[in-house]
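Results of the structural survey
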Amino acid sequence: MSKTIRIKKKPAAPWYIAGAVWVLGALALPIYQLWALALTAGVSLAALAAAFKLCPPVIETKEVPFLTGREDADALLEQIDADRARLLALDERIPDDELSAAIRRMTAACAGILAQVEQDPDKAPQIRRFANHYLPDAVKILTLYARMEEAGVSGENAREVRKQVQDNAAVIAAAFEKQLDSLYSADALDMETDLEVLKGMLKGQGLVE
């Protein structure tokens, strides 16, 4: 998923050199006079141009998780990928087999959503609510469960929280899978529409009944 981008940055040295020319001009010339001011400005500009020729741009490489060409899509994908990593970490912390199975279903659905939207960033608006609400809420709930288990919290409220999480984890996983399916179903709908149009054209040409 990650990609390497190259960023070209102009060097700062030429600007320091141009500034130094102004300092020297102020010290050596009556810069309050128009001719001295013009001379200093000319020398400063010439020094700046020469320095840019002598100092090549600085090329920096940077790893970015996603590069779809749409900033809003990239931001959502990074957000989902970060929460997916948190789910994977929670799977390691939670010993319950049924919960672990549900978490693995959630992470698999997240991976599918990431792949779909990375391939087609125009689908980003379809996952905005999922990325901003459903997924982070699931992470919060499971994090609470993990902390309670690790701390050995007991009592009626703790038992009720555990039961609620255990009973609903599979439901949450199914909701994640439904979100993934919705991305495919949009394609399926478009395909059905295209097929109907194609079928109508063929009928018009008498090629099909």
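Residues numbered from 1 in each chain as written. Predicted model: local features only at pLDDT ≥ 70, side-chain atom pairs only at ≥ 80, totals over all residues. Heavy atoms only, no water.

Points about the overall build of the protein chain
Here is the rule: Labels follow the DSSP assignment, with helices taken as runs of H or I lasting at least four residues and strands as runs of E lasting at least two, numbered in each case from the N terminus. Burial here depends on accessible area, computed with a 1.4 Å probe over protein chains only, as a share of the maximum for the residue type. Under 20% is buried, over 50% is exposed, and the range in between is partly exposed. Where accessible areas are quoted, they stem from the Shrake-Rupley method and a 1.4 Å probe; at the residue level, only the protein chains shown are allowed to cover.
When its secondary structure is counted, the protein chain shows six helices and two strands. The order of α-helices and β-strands along the protein chain, N terminus first, is β-α-α-β-α-α-α-α. For the protein chain, the residues scored as buried account for 29% of the 209 residues in total. Split by element, the accessible area of the protein chain, about 13,400 Å² in all, is 59% carbon and sulfur.

Section: the side chain of T40
What counts, and what does not: Residues count as neighbours in contact if any of their non-hydrogen atoms are within 4.5 Å of one another.
The residue T40 is located in helix α2 (residues 34–54) in this model. You can call T40 buried: its relative accessible area is 3%. Other than its neighbours up to four places away in sequence, T40 contacts V21, W22, G25, L29 and I31.

Quick notes on the nonpolar core
Cut-off, in case you're wondering: Note on terminology: a nonpolar core comprises buried Ala, Val, Leu, Ile, Met, Phe, Trp, Tyr and Cys residues joined through side-chain atoms within 4.5 Å.
Core analysis: the biggest nonpolar cluster contains 32 residues, and I80, L87, I113, L135, L142 and F176 have the highest contact counts within it. At the level of elements, α3 (71–93), α4 (97–119), α5 (128–151) and α6 (156–204) are the ones that each hand at least two residues to this core. Of all the elements, α4 adds the most residues to this core, at nine residues. Apart from residues lying up to four places away in sequence, I80 is in contact with C110, I113, L114, I127, F130, A131 and L135.

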